[in-house]
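Inside the fold
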Amino acid sequence: MSAPGLDCEVLVVGAGPAGSAVAAALAADGRDVLMVEARAHPRPKACAEYASPRIVEELRRLGLPEAGWQRDALPLAGMRVIRGRDAVDVRYRDAVGPRSAWGLDRLIFDTALAAHATASGARLVEHAAFDEPVWTDGRVSGAIVSTPEGATTIRSRWLVGADGARSRVANRLGVERPVIAPRRLGMVAHYEADPELADHGEMHVGPGWYVGLAPLAGGRLNVGMALPMEKVRRSAKEQFQAAIEGIPAVAARLAGRRRLTPITGASPIGHRVGRAAGPGWLLVGDAAGFIDPFTGEGIYRALRSARAAAESLARSDDDVEDRYLAARRHAFAAKDALTWLVQGMLVSPPLMGYALRRLASRPATALRLGSALGDCRPASDALSPFFLAQVLRP
Ligand SMILES: Cc1cc2nc3c(=O)[nH]c(=O)nc-3n(C[C@H](O)[C@H](O)[C@H](O)COP(=O)(O)OP(=O)(O)OC[C@H]3O[C@@H](n4cnc5c(N)ncnc54)[C@H](O)[C@@H]3O)c2cc1C
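Worth saying up front: this structure is predicted, and the values here are computed from it rather than measured.

**Considerations on the overall build of the chain**
The helix and strand inventory of the chain stands at twelve helices and 21 strands. Over its C-alpha atoms the chain spans a radius of gyration of 21 Å, differing by no more than 12% from the 21 Å that the globule rule assigns to 394 residues. Dimensions of the chain along its principal axes, counting C-alpha atoms only, are 60 × 45 × 45 Å. Counting contacts in the chain only where the partners sit at least 6 residues apart, residues at least 24 apart contribute 73% of the total.

Written as structure tokens, this is what we have:
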């Protein structure tokens, strides 16, 4: 069945932060945008809910009223990264001064952003899942979408895959690649808040895995973890509990505090693609690749890649693909290298411990690294040999 009423200029698959952001930007620019979302908002998303300071600028560009989203979010000074007795405070500063990270309730935040996209003029059809791309003369020209009424063909000039880390769009376009490392399980749940963690979070690092504690508004604490894939299968709840008990400082923080939500997540984290754009299609957010949440920038990255996509689509139809790929390289290449450097330390506990001890005694160096991780200064600043020598010299 085809649905001419749903035909559009830009078909966005997925109404998470990336999809809603690209839809809001394009619709505000007068483009005819349709979003299809497999579920319906408010929908849960496994996330540690600790967002980079720079989401503020991205949301401001989209015209999302600050008072609205910040009412349900908690400003946080940063994260204390702890491994055994070693600890360092990750803080953020840009040219203007200190910056806050944000504890974001994804149920509320994602719903608000999708509503903003529709208020900006995009159409949203929920319970509509992308199945297959439609091709015309070697170019994507729409998609087959499943709805409760059956499968329907939607024609579009552009297809934007914003369907997250299990992206079916990437898979069906043939650009999905196997994730080699890191292979971890991600799980999260909300607990009652710890009053000692009112203005910052904690990241407790085990050997190759970690547990994050991120405060949220409304007296809640997000307990999120990325664990090694096990050969022996235990239930998510058993693994979650074992991880808490495996780090005494985490067990102490959570002792006597009630878990308020079910444990969600538990699928392998990570997604890799060979290419993020092609004739008639672009991938944004996690659909275009996702490494691991340790450095906590997935939400920012979703918004930033949505901006790159919207800007590339805003000009002539020629060279959209090249413009977008170049914009992604400019925005993410150095940050990806920094993220891989941090991942390398994560799988080498002695190196991680050494770096944490050095950073703890060098606050200016720690601030520079934190600011680069929080996108408050160029990631390349934290990659220079001079900077790395500052971190690692005895
Ligand atoms: C355990 C864990 C912890 C994390 N912690 C953090 C953190 O603390 N901070 C941070 O910034 N990031 C974190 N992230 C990453 C962050 O959640 C993602 O980077 C972010 O959600 C990406 O947004 P997105 O819009 O690309 O994808 P998503 O938020 O996944 O949205 C994709 C949307 O597409 C829809 N969809 C899927 N398939 C289809 C289909 N076939 N058809 C139509 N719709 C479809 C989904 O229902 C969903 O609504 C974490 C991730 C994990 C797994």
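Still more to cover.
**A word on the domain arrangement of the chain**
Taken domain by domain, the chain consists of domain 1 (4–77 + 98–179 + 270–338), domain 2 (184–268) and domain 3 (348–392). Distance from the C-alpha centre of domain 2 to the C-alpha centre of domain 3: 25 Å.

**Quick word on the site of the ligand**
Gly14, Gly16, Gly186, Gly285 and Gly298 are the nearest of the 41 residues found near the ligand. Of all elements in the fold, only helix H1 (17–28), strand E2 (33–37), strand E3 (50–51), strand E10 (129–136), strand E14 (184–192) and helix H8 (298–314) reach the threshold of two or more residues within the shell around the ligand. Looking at which element gives the most residues to the shell around the ligand, the answer is H8, with four residues. Tallied by class, the residues present in the shell around the ligand amount to 22 nonpolar, ten polar and nine charged. Inspection of the shell around the ligand shows a minimum of three residues originating in each of domain 1 (4–77 + 98–179 + 270–338) and domain 2 (184–268).

**Some words on the sheet that holds strand E5 (residues 78–83)**
Spatial ordering of the open sheet is given by E7-E6-E5-E15-E16-E17-E14-E18, a layout of eight strands whose pairing is mixed. The open sheet has two edge strands, strand E7 (98–99) and strand E18 (264–268), and neither has a second partner. Packed onto the sheet, helix H10 (residues 349–360) meets E5, strand E6 (86–93) and strand E15 (201–206) and runs at close to 60° relative to E6.

**A few points about unusual backbone geometry**
Look at the link from His41 to Pro42: it is a cis peptide, with omega at -5°. Relative to the helices and strands, Pro42 resides in the loop between E2 and E3. Despite not being glycine, His127 shows a phi value in the positive range, around 55°. Mapped onto the secondary structure, His127 falls in the loop between strand E9 (123–126) and E10. With a phi angle near 60°, Asp375 is a residue other than glycine that sits in the positive phi range. Take Asp375: it is sitting in the loop between helix H11 (363–373) and helix H12 (385–392).

**Description of the sheet that holds E3**
A sheet is described by the order of its strands in space; here three strands give the open sequence E3-E8-E4, paired in antiparallel fashion. The sheet terminates laterally at E3 and strand E4 (73–76), the two strands that pair on one side only. Strand direction decides the pairing type here: E4 and strand E8 (residues 101–104), joined by four bridges, are antiparallel. Bridge pairing links Leu76 to Ala101 in E8.

**As for the environment of Asn222**
Note on placement: Asn222 falls in strand E17 (residues 220–228). Overall, the presence of 24 C-beta atoms within 10 Å leaves Asn222 in the buried class. Taking the C-alpha atoms as reference, Asn222 lies 31 Å from Ala309; in sequence the two are 87 residues apart. Look past the residues within four positions of Asn222 in its chain and what remains in contact with it is Ala48, Glu49, Val188, His190, Ala214 and Leu216.

Calculation rules
- Residues numbered from 1 in each chain as written.
- Predicted model: local features only at pLDDT ≥ 70, side-chain atom pairs only at ≥ 80, totals over all residues.
- Helix = DSSP H or I, 4+ residues; strand = E, 2+ residues; numbered from the N terminus.
- Rg over C-alpha atoms; globule rule 2.2 N^0.38 Å.
- Contact = placed C-beta atoms within 7 Å.
- Domains from an automatic or database assignment.
- Near = placed C-beta within 6 Å.
- Nonpolar A, V, L, I, M, F, W, Y, C, P; charged D, E, K, R; others polar.
- Pairing = 2+ DSSP bridges.
- Axes fitted to C-alpha atoms, helices over the stretch in contact; angles between N-to-C directions.
- Buried ≥ 20, exposed ≤ 12 C-beta atoms within 10 Å, placed from the backbone.

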